[in-house]
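# What the coordinates show
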Amino acid sequence: MKVEDFGFSEDKCMNYVLYRVSDIDDDVRRKLMERLEEDTEEDNGDLLITVFYAQEYFPFGSEEAKVRMDDFIAREEIEMTVFLSSVLED
């Protein structure tokens, strides 16, 4: 699980985070694509998940995030890993 990209989407007028999920088998990838409400797509065996956020909920929008970006990215990767695990358990 890696944060691949983040920023502002002009099309959606919202902030976004793009996650890349690697090293998962086809069954897991398929289940996630079926169960997630977020935008998903396959890319060379990886799963790309794009989550859109209102400005007040964007995990990288605070002043502290700008100063400690590596910490915020690491935390976001952990949180998404836990979230995906819970989706697969349901």
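Note that the structure is predicted; figures quoted are calculated from it, not measured. (Residues numbered from 1 in each chain as written. Predicted model: local features only at pLDDT ≥ 70, side-chain atom pairs only at ≥ 80, totals over all residues. Heavy atoms only, no water.)

## A closer look at the environment of serine 62
For clarity, the cut-off: Numbering goes from the N terminus for both helices and strands, where a helix is a DSSP run of H or I of at least four residues and a strand is a run of E of at least two. As used in this structure description, the phrase polar contact means that two N or O atoms lie within 3.5 Å; if the pair is within protein, one of them must be able to donate a hydrogen and the other to accept it, and residues adjacent in sequence are counted only when both atoms belong to side chains.
By the secondary structure assignment, serine 62 is in the loop between strand E4 (46-53) and helix H2 (63-67). Taking the C-alpha atoms as reference points, serine 62 and methionine 80, separated by 18 residues in sequence, lie 19 Å from one another. At a separation of 3.0 Å, a polar atom in the side chain of serine 62 contacts the main-chain amide nitrogen of alanine 65.

## Considerations on the environment of phenylalanine 58
Operational definition: Contacts were defined at the residue level, with two residues in contact if any of their heavy atoms lie within 4.5 Å.
Residue placement: phenylalanine 58 occurs in the loop between E4 and H2. As for phenylalanine 58 and phenylalanine 8, which are separated by 50 residues in sequence, their C-alpha atoms are 9.9 Å apart. Among residues more than four places away in sequence, those in contact with phenylalanine 58 are Phe6, Gly7, Asn15, Tyr16, Val17 and Tyr53.

## Here we look at the confidence of the model for the protein
Test applied: For every residue, the predictor states its confidence as a pLDDT score lying anywhere from 0 to 100.
Predicted confidence across the protein gives a mean pLDDT of 95, with 99% of residues reaching 70 or more. Ranking the elements of the protein by mean pLDDT puts H2 last, at 92, and strand E2 (residues 14-21) first, at 98.

## Focus on the sheet that holds strand E1 (residues 2-9)
Heads up, the rule is: In short, DSSP must find at least two bridges between two strands for them to pair. With axes taken as lines fitted to C-alpha atoms, and helix axes fitted only over the stretch in contact, angles between N-to-C directions fall between 0 and 180 degrees.
Taken in spatial order, the four strands line up as E1-E2-E4-E3 in an open sheet, and their pairing is antiparallel. Among the strands making up the open sheet, the edge pair consists of E1 and strand E3 (39-43). Sheet twist, expressed as the average angle between the axes of neighbouring strands with direction ignored, equals 20°. Of the strand pairs in this sheet, E3 and E4 are connected by five bridges, and their pairing is antiparallel. The residue of E4 that forms the bridge with glutamate 42 is leucine 47.

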